[in-house]
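Here's the letter readout for the chains.
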Amino acid sequence: MLSKEMIKLGTARSVIREIAAYGAQRAQIVGPENVLDFSLGNPSVPAPKEVQEAIKDIVDSKEPKEYHGYTASNGAPGTRKAIADNLNKRYGTNYTGDNVFMTCGAAASFNIVMKSIIANPGDEVIVMAPYFPEYKPWIEAHGGKMVLIPAPEDFQIDLAGVEAAITNKTRGIIVNTPNNPSGVVYTKENLVKLSEILDKKSKEIGEPIYMVTDEPYRELVYTDAEVPHMPNLYKDTIVCYSWSKSLSLPGERIGYVLVPTECADFEELYPAIGGAARILGYVCAPHLFQQVVERCIDVEPDLDAYIKNRDLLYNGLVEMGYNVAKPEGAFYMFVQAPNKDATEFCKLLQKEDVLCVPGDGFGCSDYLRISYCVDTEKVEKALPAFKKAMEACK
Ligand code: PLP
């Protein structure tokens, strides 16, 4: 007998994967240059040269066991210290390596945190639409219940909606800014107000409500929009970080969980993170890449290509009459389907070999997500198809 729940998850349809598989199939027929696939969030900008240099240098100068061997469960002390020092320099904090737990990317960080803060079956975690679809199974896997706040028109934060959704079972709220799928950066003003609500409600229910920030896109910001370091605004914040997008290393599975000492129940929370990592098998994050990120801690991503694509796409679509949430970060654009039915509209685009993801899974069925981490040429080639599809809806 097998776990029915896991079979269901493993066989569940993933619209994004299906579209990407269709794209690969279609590429064999019409040629890869003619398939304009905007479905996946796989960074198109290569990892910075410092990453390759670090890998070569580590491999050339060290014994294999010094980079292939196990580290401590929570990661190498030098790596954790480098991360703490970097955060302290950027955000005026006082972290040490003992606030950092190295993990295998944001997915691992998120699951570890959910496993730690969901104390009883049915405990609630608030998610604000539009949202990354994996949140639901990641919360439910640990006995939690996802409480979804519908998206406000500007894709910022529905503060009243959040406040109304908090119950005495609320254990946490997920904050993902810059956001996947909208690219929107939450304003500092909204984040301050959100913190005030959480503070007030935590006192009312007599339990901490943890803010869990999911930060794979923190460094991908294209305007002067500020992405506050949330522990500075709300003490009960747990940060889930990853280098998948900032250093273009999604296949290397490297990230961390940051638990500030000021966080409620820190003395138990950090060990709980360790316990969750242990049973989920995320201890000792990839050693070679712990050393790589340590050496590259100050390296900033090259944003030029993403900015170019964003501007080209945003200006082009707005000129055609599309309603688009203007992205300030990440590499996604969330566009309203002119016929208000994104599934049907994506089919129209697909006829032109332009592949986008309908927004149902992100909590907004009339929107589609365009992942613009692709070659600029593909954006240029896709614009006429967007025009044709728009005209077909008139
Ligand atoms: N969270 C969000 C919002 C994402 O978009 C992704 C990946 O696309 C992840 C988490 C998972 O990131 P990682 O590859 O670091 O596990």
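Each remark here, short or long, concerns the structure printed above.
Treat the numbers as computed from the prediction; the structure is a model and nothing was measured. (Residues numbered from 1 in each chain as written. Predicted model: local features only at pLDDT ≥ 70, side-chain atom pairs only at ≥ 80, totals over all residues. Heavy atoms only, no water.)

A.B. asks: Would you explain the side chain of Asn190 in this entry?
C.D. replies: By the element assignment, Asn190 lies in helix α9 (residues 188-205). Relative accessible area serves as the criterion here: at 13%, Asn190 is assigned to the buried category. (Helix = DSSP H or I, 4+ residues; strand = E, 2+ residues; numbered from the N terminus. Buried < 20%, exposed > 50% of the residue type's maximum accessible area, 1.4 Å probe, protein only.)

A.B. asks: Looking at this structure, I do not really get a negative patch on the surface. What am I missing?
C.D. replies: Together, Glu207, Asp265, Glu267 and Glu268 give the surface a local cluster of negative charge. The topology assignment puts Glu268 in helix α10 (residues 266-280). (Patch = residues over 30% accessible without salt bridge, like charges linked within 9 Å, V, L, I, M, F, W, Y side chains within 5 Å. Areas by Shrake-Rupley, 256 points an atom, 1.4 Å probe, with all protein chains shown as cover. Salt bridge = Lys/Arg side-chain N within 4 Å of Asp/Glu carboxyl O. Lys, Arg positive; Asp, Glu negative; His and termini not counted. Charge placed at Lys NZ, Arg CZ, Asp CG, Glu CD.)

A.B. asks: Could you clarify how one ought to interpret the pairing of strand β8 (residues 255-258) in this entry?
C.D. replies: Along any regular strand the residues' side chains alternate between the sheet's two faces. Side chains Gly255 and Val257 of β8 all project onto a buried face; the interleaved residues Tyr256 and Leu258 project onto the opposite face, where all are buried too. Where strand β2 (residues 100-103) lies against β8, four bridges are found, and the strand directions are antiparallel. Bridge assignment links Val100 to a residue of β8, and that residue is Leu258. Bridge count for strand β7 (residues 237-242) against β8 is four bridges, and the pairing is antiparallel. Of the residues in β8, the one forming a bridge with Val239 is Leu258. (Pairing = 2+ DSSP bridges.)

A.B. asks: What exactly am I supposed to notice about the state of the cysteines here?
C.D. replies: Taken as a whole and judged by the stated rule, the model has zero disulfides. Note on Cys346: no disulfide assigned, nearest cysteine sulfur contributed by Cys356 at a separation of 5.5 Å. Exposure remark for Cys346: the relative accessible area of 6% places this residue in the buried category. For Cys356, a relative accessible area of 3% gives the class buried. (Disulfide = S-S within 2.5 Å.)

A.B. asks: I keep staring at the pattern of salt bridges and nothing clicks. Help me out?
C.D. replies: Close approach of charged atoms allows side chains of opposite charge to pair. Under the counting rule described, the total for this entry stands at 19 salt bridges. When the shortest N-O distance is used, the salt bridge between Asp98 and Arg80 registers 3.7 Å. Residue Asp98 is found in the loop between α5 (77-91) and β2, and its partner Arg80 is found in helix α5; the two are separated by 18 residues along the sequence. The partner of Asp199 in a salt bridge is Lys203, with the nearest N and O atoms 3.6 Å apart. Taken together, the positions of Asp199 and Lys203, both in helix α9 and four residues apart, correspond to about one turn of that helix.

A.B. asks: I would appreciate a short explanation of the nonpolar core in the present structure.
C.D. replies: Here is a general trend for soluble globular proteins: nonpolar side chains tend to be buried in one another's company. One finds Leu317, Tyr322, Leu368, Ile370 and Phe386 to be the most contacted residues of the largest nonpolar core, which totals 38 residues. Secondary-structure elements contributing two or more residues to this core are α12 (304-320), β10 (332-336), α13 (342-350), β13 (367-371) and α14 (376-392). For this core, the element with the highest residue contribution is α14, accounting for seven residues. Discounting residues that sit within four places of it in the chain, Leu317 has contacts with Tyr322, Val324, Met333, Val335, Ile370, Leu383 and Phe386. (Core = buried A, V, L, I, M, F, W, Y, C linked by side-chain atoms within 4.5 Å. Contact = heavy atoms within 4.5 Å.)

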